[in-house]
Amino acid sequence: MNRRLGVLISGRGSNLQALIDAIQGGRLTATIGVVISNRADAAGLQRAGQAGIETLCIDHRDYSSRFDHDAAVAREMQSRDVGLVCLAGYMRLVAAPLLDAFPNAILNIHPSLLPAFPGVDAQRQAIEHGTKVSGVTVHLVTAELDNGPIIIQRTVPVHDDDTVETLSARILAEEHRAYPDAVQTVLDGGWRVIGRRFLRSASAASG
Ligand code: GRF
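Being a predicted model, the structure only gives us computed values, none of them experimental. (Residues numbered from 1 in each chain as written. Predicted model: local features only at pLDDT ≥ 70, side-chain atom pairs only at ≥ 80, totals over all residues. Heavy atoms only, no water.)

A. Region of interest: the packing of helix 1 (residues 14-24) against helix 6 (residues 164-188). It is the contact of helix 1 with helix 6, at a shortest axis distance of 9 Å, that shows an interaxial angle of 50 degrees. With respect to helix 6, the element helix 1 is oriented oblique. For the crossing formed where helix 1 meets helix 6, the hand is right-handed. Side by side, helix 1 and helix 6 meet where Ser14, Asn15, Ala18, Leu19 and Ala22 of the first sit next to Leu172, Glu175, His176, Tyr179, Pro180 and Val183 of the second. Of the residues in the contact of helix 1 with helix 6, the class split is seven nonpolar, three polar and one charged. (Axes fitted to C-alpha atoms, helices over the stretch in contact; angles between N-to-C directions. Helix = DSSP H or I, 4+ residues; strand = E, 2+ residues; numbered from the N terminus. Parallel < 35°, antiparallel > 145°, perpendicular 65-115°, else oblique. Left-handed = near helix turned anticlockwise from the far one by under 90°. Contact = heavy atoms within 4.5 Å. Nonpolar A, V, L, I, M, F, W, Y, C, P; charged D, E, K, R; others polar.)

B. Broad picture of the pairing of strand 5 (residues 106-110). Of all five residues in strand 5, five are buried, a share of seventy percent or more. By the alternation rule, side chains of strand 5 split into Ile106, Asn108 and His110 and Leu107 and Ile109, which are all buried. The pairing of strand 4 (residues 84-87) with strand 5 spans three bridges and is classified as parallel. Bridge pairing in strand 5 links Leu87 to Asn108. For the crossover that starts at strand 4, traverses helix 4 (residues 96-101) and ends in the parallel strand 5, the hand is right-handed. (Buried < 20%, exposed > 50% of the residue type's maximum accessible area, 1.4 Å probe, protein only. Pairing = 2+ DSSP bridges. Right-handed = clockwise from strand over helix to strand, strands pointing away.)

As structure tokens, then:
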């Protein structure tokens, strides 16, 4: 698989940083071809700049539809020969032009054990529901929010005295390990999607 990543962000960019660090540390065999934000003030743009990665802001408010915005994003990704798109705190649904340009090649990370607690405030949802474990999901992106085939999940305990902040911090630390691992898994190949299931062949799973 083409190991050049395109990363989409909207904000802080700590998961982007985890990918950059994993590449620099030799734990992820990939390069980042471009980081695109839909917000000019996303702190992650600075992180990418510091790592010498090309950045673009494609502001969704400059487009009359989600379709047109995502077509522009897809064009920029394709013109840089991106093979895999990673959403990293990208606060938008992905539309047909991007999904069609990257079939089964867009990943997202979400701070809960999906299908529990999709959408915003997943950590708060877990605390308010009273679950004893929560965690991280990395999944393939489909048109439905937080609903694609699951690549990996990692669990994190929920403590009785957790606040949204303490649980979020515990989950985020796990996110930063899980995302590079999931990207490496996808890039290494030897998997297929059957129905909703992301399945690795025996040789890929043991590697
Ligand atoms: C993370 O919790 C991620 O799981 C969710 O949005 C947050 C982004 O954080 N999708 P960051 O921008 O990567 O720091």
